[in-house]
Amino acid sequence: MKKNIFNLITILLLGIISCKKEDNTLPTIPYIDPNLKITVYPKNTSTNNSFRVRPFLAFNKRFNYTYTYPSGAANCFKLIYDSTYISDASGQPLQLPTNFNSTKDTLFFNTDNSFTANSNYSIKFFYHIEVKRDIDSDFEILMKNEVPFQGKFESSFEIKNYIFSISTSYLEYAYPYPYQYHFLKDETPNGELKFNNDQENDLYFKDATYNVRFTTPSGESWESNATYNVSNRKLEFQIPRNLLTNQTIYKLEYLVSSPQMAQTVFLTYHFRTSKFNTFEEKMSTAKEFAYYNSYVSQGVYILMLRFKLDEGFDVIEAMNYTGLLRFEASIDTNMAYFKKYNNFYTGLSSRGYFLNKRNDRLPAINIPPSNGITITCSVIPLLTQSQISQGFANDYGEKVIWFESKDLQLTFSEDVNYVRNIIISNFVNCVLPAWESDIVNNSFYSSINIGTYIPFEIMYTTGDKLTSTIEDSSTYYFTMK
């Protein structure tokens, strides 16, 4: 009897325990996609990526941030970051530090030249989701298919054995200039290549080494070291002047290398050398000078100088205001007719307010008036692909040269009236120097006198450097007859 009673009690206790366990078992929170979107750079399966590429992941949702759960089974959820890494083709993770930008919800990898040429890499990112049943509950890991859910994102990209090639359209300036017909081989030993603002930064990475290579049509070549200045986007090198010959076409290649990749060519073009070595040597052949002027309208005349030259100017030399040639006109202060004008410019240059305003109005003209001279004769064109393929280009022979300038006094008159209006409107009660008062109170000057003599200098410039100046006022001048 006692045994039966004990067994009954045992059964009842087990039933009670069983019921309690059943009461404490909570239903599994159903899995729901948090709609996490990840943008990756470089793009998945992309190729031709450079060594300086800096991969990143950008997220449409924030991590460790509480979001309202879209299902009635839980109150809220949050994304929890677990780990991330970049691995090589064998699956070996690279030891790369990361930097998370919480403002932009972006994770960056600091690669610092860790990639090698012709290699594939994968980005892996892991996370999980934590949920709350109600506002007072603790967060717990979200389950999927009865196991803790682990989110995984993966993307791949390829590094090539080169950065990329560029065309001459990326250049702001080059010397030797691409496809120039009359390169003066001894004008300066300094070559340079300057990139424009649109140039991609991928070309320039840490520990890079640059070279230039000059090659003749027969295949003989020479290399020279080059240095790159990041601040002004300029590559500088030495021109092998003693190895170049006259009237010869050369191929010029720009090369780059680094500890991570072999030397590779990123830009190639050709140029042809002049029959002369320097600009002064070329200009020494000038002869048969003649001077003309042509009436256009009241106060406007075109002044002209004509002469012959053994070798004409090519298109790179003759581009108005941006070519290799520059002009500087001057005024003979001994002539009473121009003396007060010269004083006006001298005084204007010392008065910063007027000077700044004038430059806003006429940015292309300096003080005193200069560079208002253009080359209007036919010029030698660029090298053609046919000439480059043949490895030879004929000399064009003697050319007639025309320099022209519109009345420099007209420029002066525009300046006078512009500044005069500034003085009248802003400085009504100011006391002006006698020379300035005389100019301001007079009417518009619009004519040029017979016998006017305006000499000018011809300058040869390479980039921002002046290499030669032809200063012969007995031959290079304009005059009003």
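Here we summarise the structure given alongside this text. All values reported here derive from a predicted model rather than from experimental measurement.

This part is about the packing of aromatic side chains. All chains considered together, the criterion is met by 45 aromatic pairs. Ring geometry for Phe 279 versus Tyr 460: centroids 5.1 Å apart, planes at 35°, classification tilted. Of the two residues, Phe 279 sits in helix 2 (residues 279–283) while Tyr 460 sits in strand 25 (residues 453–462), which places them 181 residues apart along the sequence. Take Phe 279 and Tyr 460: they sit in the same class, and that class is buried. The interplanar angle of 85° and the centroid separation of 5.8 Å between the aromatic rings of Phe 307 and Tyr 476 together place this pair among those described as edge-to-face. Of this pair, Phe 307 sits in strand 21 (residues 300–309) while Tyr 476 sits in the loop between strand 26 (465–470) and strand 27 (477–479), and the two are 169 residues apart along the sequence. Here the two residues Phe 307 and Tyr 476 agree in accessibility, since each one is buried.

This brings us to the nonpolar core. Membership of the largest hydrophobic core comes to 88 residues, with the highest contact counts inside it found for Leu 193, Tyr 254, Phe 266, Phe 313, Phe 403 and Phe 456. If one sorts the elements of this core by residue count, strand 8 (residues 119–132) sits on top with six residues. Not counting the four nearest positions on each side in its chain, Phe 313 is found in contact with Phe 279, Lys 282, Met 283, Ala 318, Leu 325, Ile 375, Val 379, Ile 380, Ile 401 and Phe 403. Judged by nonpolar contacts, the second largest core, of six residues, contains Tyr 181, Ile 249, Leu 383 and Ile 388.

One side chain can pair with another of opposite charge once the charged atoms of both are near each other. Tallied over the full model, the rule gives 15 salt bridges. Among the salt bridges present, the one from Glu 172 reaches Arg 233, with a minimum N-O distance of 3.0 Å. With Glu 172 in strand 13 (residues 171–175) and Arg 233 in the loop between strand 16 (221–229) and strand 17 (234–238), the pair connects residues that are 61 residues apart, well separated along the chain. As a salt-bridge pair, Lys 185 and Asp 186 come within 3.2 Å of each other at their nearest N and O atoms. Lys 185 gets classed as buried once you look at its relative accessible area, which sits at 8%.

Rules of the game
- Residues numbered from 1 in each chain as written.
- Predicted model: local features only at pLDDT ≥ 70, side-chain atom pairs only at ≥ 80, totals over all residues.
- Heavy atoms only, no water.
- Phe/Tyr/Trp six-rings, centres within 6.5 Å; stacked < 30°, edge-to-face > 60°.
- Helix = DSSP H or I, 4+ residues; strand = E, 2+ residues; numbered from the N terminus.
- Buried < 20%, exposed > 50% of the residue type's maximum accessible area, 1.4 Å probe, protein only.
- Core = buried A, V, L, I, M, F, W, Y, C linked by side-chain atoms within 4.5 Å.
- Contact = heavy atoms within 4.5 Å.
- Salt bridge = Lys/Arg side-chain N within 4 Å of Asp/Glu carboxyl O.

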